[in-house]
Amino acid sequence: MPHYTEALARSADGSFDTSKLRMRRASATLRCMSKRPLLASLGFILLGFGAAAVYFLATFAPVPVDPAWAVEGDATIPPGSVTVRFTGTSTLLFDDGETAWMVDGWFSRFGPLALLGGKIAPDRSAIEAGLARNEVDRLAVVIPVHSHFDHAMDAPEVAKRTGAILLGSESTANIGRGWGLDERRIRVAVDRQPLRFGAFTLTLIETKHFEFPDPAVREQALADPRISEPLVPPVGAFDYRVGQPYAIHVLHPHGSFLIQASAGYQEGGLAGFAADVVFLGIGGLGTQTADYRESYWRETVDTSGAHDVVLIHWDALTGPIEGPFTGEVRAASFLSSGSEETRTFLEEKRARDPQLRFRTLPRYDEVVLF
Ligand SMILES: [Zn+2]
C-alpha cells in the first residue's frame, strides 16, 4: 500500500517522466539481450519465488511433541466422570455430566496472510461446526485465557449460542460488547476469587503471557495491552490486544487441575494452587532461553505438584480445524521456530522424573480426566 501512494506522489510532483525515461532505458537494454537467456532467467526467478512461497505458506514446521504421547478418546464414559475434549490450540471443553464449560472456544481459522495484513471476524459457520463436533449446546461459562484473537475472538458468539457467561478480563468484556453480547452475560474476573459452576470451583489467577524473545514481535503482540472500548470486527488480528492473561485453577470433587495456556509465568503467582493435572501451553517455548523454560516449568508444573501434564497450544494457529494437527506454517516463523528445542526440553524433563507423564489429546474425542 505505501508503495502505491509513493508512486502516485511521485507522478504528482512531475518526476514521473524520469521513471518513464528509466523504464525506456531499461527496456532498450533488455532488447539488446537475446530473448532466450532472458526468458530462462525470468523462469528461474519465478521458480525461486514460487518455491519460496510454497515453502513459507504451504509447508509446516515439525510439531514439538512426540506422537507416542497421543492418547485416544475413551469408548465408554463411566457416569459421573469429568471429561475433556480438545479442539486445538487451547480450546478445551470440560464436562462432568451436569455442568459443561469451555476454555477459549476458538474455532475460526485464517491463513497467514489474513493474520499478518488483513481483517478478521468470527466465522459463524466454523463456530457452529466446532460446537457440533464437541457435541455441546449448553455451557455454563466460556473463559478466554487472554484477549488475543486465538483465544477470545469467538467466545462471545459461543456464549450467545450456548447460554454461557463470558468470563475474563475487561479487554475480553469489550470483545463481548463489540459482538453485541448482553451485558448481563459478561463477567469481569477478579484475581484469585473462586467461582462455583455446578461442582466445579474455578479460580482465575493473573499471570503473564509468553514473552516473545523477538523485540518486534513482542511489541506487536504485547505492547499497549488493553482493549479499552467495544471491539467491533472485522479488525486486524493484532487489534485483539492481549488484555490480562489468566491461569485457571479448577477444583472438582473428583480431582483438581490447572490450565496455563500461554507459556508465561508470574514469579510465585501459583503458589498454593496444587493440582493433579496441568494443562501446559508450550507454544513458542523453544524460542526462549533455557533459563526461561526452566523458570516456566518450576512456576507451573513443579509448583502444582502434578506429574500428569497434558500439552496444549502446540499446534498451528493457521492449520485446518479438522484432521491431524500440524505445526505452524513456516511463514509464521515467530510461532513455529524452536519446536526441536521444546521437544528436547520435554524429553529431558521426562528422563529425570520417571513419574512424569505427558499426554496430547485427540481432536474432539472425549477423554476421561477423572
Ligand atoms: Zn496470546
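For the structure itself, look to the data block above.
These numbers come from a predicted model, not from an experiment. (Residues numbered from 1 in each chain as written. Predicted model: local features only at pLDDT ≥ 70, side-chain atom pairs only at ≥ 80, totals over all residues. Heavy atoms only, no water.)

Engineer: Describe the overall build of the protein, with residues and values.
Structural biologist: Tallying secondary structure elements over the protein gives twelve helices and 16 strands in all. A fraction of 70% describes how many contacts in the protein between residues 6 or more apart in sequence connect residues 24 or more apart. Of the roughly 17600 Å² of accessible surface on the protein, 57% is carried by carbon and sulfur atoms. (Helix = DSSP H or I, 4+ residues; strand = E, 2+ residues; numbered from the N terminus. Contact = heavy atoms within 4.5 Å. Areas by Shrake-Rupley, 256 points an atom, 1.4 Å probe, with all protein chains shown as cover.)

Engineer: Residues and numbers for the sheet that holds strand E15 (residues 357-359), please.
Structural biologist: The strand order E8-E9-E11-E12-E13-E14-E15 describes an open sheet built from seven strands, whose pairing is mixed. Two strands bound the open sheet, and with one partner strand each, they are strand E8 (194-197) and E15. The sheet shows a mean angle of 20 degrees between the axes of neighbouring strands, taken without regard to direction. Alignment of E8 against strand E9 (residues 200-206), held across four bridges, turns out to be antiparallel. (Pairing = 2+ DSSP bridges. Axes fitted to C-alpha atoms, helices over the stretch in contact; angles between N-to-C directions.)

Engineer: Could you give an account of the coordination of the zinc ion, naming the residues involved and the relevant values?
Structural biologist: Here the zinc ion is held by His-146 (NE2), His-148 (ND1) and His-209 (NE2), and the distances to it run 2.1 to 2.2 Å. All donor residues of the zinc ion come from one chain, and their arrangement in sequence is H-x1-H-x60-H. Of the two residues, His-146 sits in the loop between strand E5 (141-143) and helix H6 (149-152) while His-209 sits in the loop between E9 and helix H9 (215-222), which places them 63 residues apart along the sequence. Residue His-146 is classed as buried on the basis of its relative accessible area, which comes to 1%. Using a relative accessible area of 11% as the deciding quantity, one classes His-209 as buried. (Donors = N, O, S within 2.8 Å, 3.2 Å for Na, K, Ca; no water. Buried < 20%, exposed > 50% of the residue type's maximum accessible area, 1.4 Å probe, protein only.)

Engineer: How would you summarise the side chain of Thr-172 if you had to cite specific residues and measurements?
Structural biologist: You can see Thr-172 is positioned in helix H8 (residues 170-178). A distance of 2.9 Å separates polar atoms of two side chains, one belonging to Thr-172 and the other to Ser-147. When neighbours within four sequence positions are excluded, Thr-172 is seen to be in contact with Pro-144, His-146, Ser-147, Ala-152 and Leu-166. (Polar contact = N/O pair within 3.5 Å; in protein donor to acceptor, adjacent residues only side chain to side chain.)

Engineer: Can you break down the sheet that holds E5 residue by residue, with the values?
Structural biologist: Taken in spatial order, the seven strands make up an open sheet running E7-E6-E5-E3-E2-E1-E16, and their pairing is mixed. Because the sheet does not close on itself, it has two edges, and the strands there are strand E7 (186-188) and strand E16 (367-368). Judged from the four bridges that link them, strand E2 (residues 91-95) and strand E3 (residues 100-103) form a sheet pairing that is antiparallel. By the bridge assignment for E3, Leu-92 is matched with Val-103. Of the strands in this sheet, E3, E5 and strand E6 (165-168) touch helix H7 (residues 155-162), which is tilted by about 175 degrees from E5.

Engineer: Let's hear about the packing of helix H10 (residues 290-304) against helix H12 (residues 339-352): which residues, and what values?
Structural biologist: Between H10 and H12, the shortest axis-to-axis distance is 12 Å and the interhelical angle comes to 50 degrees. Put simply, H10 runs oblique to H12. Every pair of crossing elements has a handedness; the one defined by H10 and H12 is right-handed. Residues Arg-293, Glu-294 and Trp-297 of H10 form the contact with H12, whose own contacting residues are Glu-341, Phe-345, Leu-346, Lys-349 and Arg-352. Among the residues making up the contact of H10 with H12, the classes are represented as three nonpolar, no polar and five charged. (Parallel < 35°, antiparallel > 145°, perpendicular 65-115°, else oblique. Left-handed = near helix turned anticlockwise from the far one by under 90°. Nonpolar A, V, L, I, M, F, W, Y, C, P; charged D, E, K, R; others polar.)

Engineer: Quick rundown of the nonpolar core? Include the residues and the values.
Structural biologist: By size, the foremost hydrophobic cluster in this structure holds 63 residues, and its most contacted members are Leu-92, Phe-94, Trp-101, Ile-259, Phe-279 and Leu-311. If we ignore the near neighbours within four places in the chain, the residues touching Phe-279 are Val-84, Leu-92, Phe-94, Phe-257, Leu-258, Ile-259, Gln-260, Val-310, Ile-312, Leu-361 and Leu-369. Grouped together as the second largest cluster of nonpolar side chains are 18 residues, Val-142, Val-158, Ala-173 and Ile-186 included. (Core = buried A, V, L, I, M, F, W, Y, C linked by side-chain atoms within 4.5 Å.)

Engineer: Tell me about H7, residues and numbers included.
Structural biologist: Burial analysis of H7 places six of its eight residues in the buried class, the great majority of the element. Buried within H7 we find Ala-155, Pro-156, Glu-157, Val-158, Ala-159 and Thr-162. In this fold, the buried residues of H7 make contact with E3, helix H5 (124-133), E5, H6, E6 and H8.

Engineer: Summarise the packing of aromatic side chains; cite the residues concerned and give the values.
Structural biologist: Here a ring pair, both rings aromatic, is described through the centre-centre distance and the interplanar angle of the planes. Counting across every chain of the model gives 15 aromatic pairs. Ring centres of Phe-86 and Phe-325 lie 5.5 Å apart, and the angle between their planes is 40 degrees; this geometry places the pair in the tilted category. In this pair, Phe-86 is assigned in strand E1 (residues 83-88) and Phe-325 in the loop between strand E14 (308-312) and helix H11 (333-336), connecting sequence segments 239 residues apart. Take Phe-86 and Phe-325: they sit in the same class, and that class is buried. Summarising the aromatic geometry, the rings of Trp-297 and Phe-358 are spaced 6.2 Å apart at their centres and angled 80 degrees between planes, so their arrangement reads as edge-to-face. One end of the pair, Trp-297, is in helix H10; the other, Phe-358, is in strand E15, and 61 residues separate them in sequence. (Phe/Tyr/Trp six-rings, centres within 6.5 Å; stacked < 30°, edge-to-face > 60°.)

Engineer: Can you lay out the pairing of strand E11 (residues 246-252) for me, pointing to particular residues and giving the numbers?
Structural biologist: Where burial is concerned, most of E11 is hidden: six out of the seven residues are buried. Relative to E11, E9 runs antiparallel, the two sharing six bridges. Bridge assignment links Leu-202 to a residue of E11, and that residue is Val-250. One ladder, built from five bridges, connects E11 with strand E12 (residues 255-260); its direction is antiparallel. Bridging across to E12, Ile-248 finds its partner in Ile-259. The loop that links E11 with its antiparallel partner E12 comprises two residues.

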